Amino acid sequence: MTDFRTLDDAGPLAGKRVLLRVDLNVPMEGGRVTDATRIERVVPTIREIADQGGRVILLAHFGRPKGKPDPKDSLKPILPTLSEKLGRPVAFGEDCVGEAAASAVAALKDGEVLLLENTRYHAGEEKNSSEFAQALAANGDLYVNEAFSAAHRAHASTEGLARLLPAFAGRLMQAELDALTKGLENPARPVIAIVGGAKVSTKIDLLENLVAKVDMLVIGGGMANTFLHAQGKDVGKSLCEKDLAETATRILAAAKEKNCTIILPVDALVAREFKANAENETVTVEAVPSDAMILDVGAASIATIDGAIDEARTLVWNGPLGAFELTPFDTGTVAVAQHAARRTKAGQLVSVAGGGDTVAALNHAGVADDFSYVSTAGGAFLEWLEGKELPGVEALRAKG
């Protein structure tokens, strides 16, 4: 973490107004939070600042109000859950700038916590307007970013504000950056990446970046079918982007040039219907029936992937190997995830995973807590894997 300023570099926080950008974009139903994971993850940083006597001012967005106040996108309903998880009261400001924010901030005492209203109620947020960033900055002495999930967007509260005040990474952001550095920027080798999911078209940049950075690349899920098709194999009625055969061939050639071993399925679990417990059979990828679809990798493919993981010291995972939402087509994803988890727990593997489907798949396999790091930041995690600069992260980079 020497490249980034963290809370360790912030100096004494007592009496300081700390603008803390967090991700509170949690699922809600009937005005109640249904999954508090994102809230729970930012609690340690809020407590650390407050316990040092800092005045914590939380900035967050919710939904897509497009620059206009909308009651359904208010952060106010999150207050009870936030207070409960934090174990202390949280005040609320009816706006994040202007008089309402200024008076709420002025009322704060050392060690107290305030949540300001949705930053996206103002058009200047998503436009990264300097005027709006300055209005936010007026209420703080320093800025801490704890929202890696929003770091790929150059918004006023993620990037603009970090240019106006002394800026630091919060503990969650620090953990994320540590994990990502260990995953691809400075990894223990050999490195294996597992990339799954439905479509090659959404992950071309990702695959092209990874073949230049990893030693082994497992391609699974529906996107593997496009590669099998590009190699001249009949994938029957499987999901397949046949128009991307040339792209797949180009990626395979680039991998060969970079000495990256591509691992594609050698067998598959196929079915005639896309539903749980549909009648199925395991076939080699050369013998997929024309009326069937590939819904998971087979036992031989699982063994090959597990063997490759055994050779690796670092694993980066994005996307499932099959239709993991449906039994028994979750077999491949669960088996490989559990094998990676065992290697991680034995201290033989650094495992970093991220992306919505990936988190759901690892939770389904019961191993999310056993990986070295699981990122809940979908878009930001994917853009980092693609090798793109994340504006909210770059703004925290130490100068000189």
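This is a predicted model, so every value here is computed, not measured.

Analysis parameters
- Residues numbered from 1 in each chain as written.
- Predicted model: local features only at pLDDT ≥ 70, side-chain atom pairs only at ≥ 80, totals over all residues.
- Heavy atoms only, no water.
- Helix = DSSP H or I, 4+ residues; strand = E, 2+ residues; numbered from the N terminus.
- UniProt positions renumbered as here; feature names shortened; annotations may be inferred.
- 1 Å grid on protein atoms, 1.4 Å probe; cavity = no way out; pocket = protein on both sides within 12 Å on 5 of 7 lines; lining within 4 Å.
- Contact = heavy atoms within 4.5 Å.
- Buried < 20%, exposed > 50% of the residue type's maximum accessible area, 1.4 Å probe, protein only.
- Pairing = 2+ DSSP bridges.
- Axes fitted to C-alpha atoms, helices over the stretch in contact; angles between N-to-C directions.

### Remarks on unusual backbone geometry
A cis amide bond links Arg-189 to the next residue, Pro-190, at an omega of 5°. Structurally, the position occupied by Pro-190 is in the loop between helix H7 (171-185) and strand E9 (191-195). Following Thr-327, the chain continues into Pro-328 via a peptide bond in cis, with omega recorded as 0°. Here Pro-328 is to be found in the loop between strand E15 (314-318) and helix H12 (331-345). Unlike most non-glycine residues, Asn-128 shows phi in positive territory, near 55°. Residue position: Asn-128 is located in the loop between helix H4 (123-126) and helix H5 (130-137). Of note in this structure, Asn-259 is not a glycine but carries a positive phi near 60°.

### Describing the UniProt feature "binding site: substrate" (unreviewed entry) in the protein chain
Per the UniProt record, "binding site: substrate" (unreviewed entry) is found at Asp-23, Leu-24, Asn-25, Arg-38, His-61, Phe-62, Gly-63, Arg-64, Arg-120 and Arg-153. Checked against the lining of the largest cavity, the annotated residues just named reduce to Asp-23 and Arg-38. Along the chain, Gly-63 falls in the loop between strand E4 (55-59) and helix H2 (79-86). Beyond its immediate chain neighbours, meaning those up to four positions away, Gly-63 contacts Asn-25, Asp-73 and Arg-120. On the secondary structure map, Arg-64 appears in the loop between E4 and H2. The class of Arg-64 is exposed, set by a relative accessible area of 60%. Ignoring anything within four residues of it in the chain, the contact list for Arg-64 reads Asp-73 and Arg-120.

### Some details on the sheet that holds E15
Strands sit in the order E11-E10-E9-E15-E16-E17 across an open sheet of six strands; the sheet is parallel. The strands lining the two open edges of the sheet, one partner per strand, are strand E11 (261-263) and strand E17 (373-375). Looking at each pair of strands side by side, their axes are set apart by 15° on average, direction ignored. As paired elements, E9 and E15 share five bridges and run parallel to each other. The residue of E15 that forms the bridge with Ile-192 is Leu-315. In the packing of H12 onto the sheet, contacts are made with E9, E15 and strand E16 (350-354), and the angle to E15 comes to roughly 150°.

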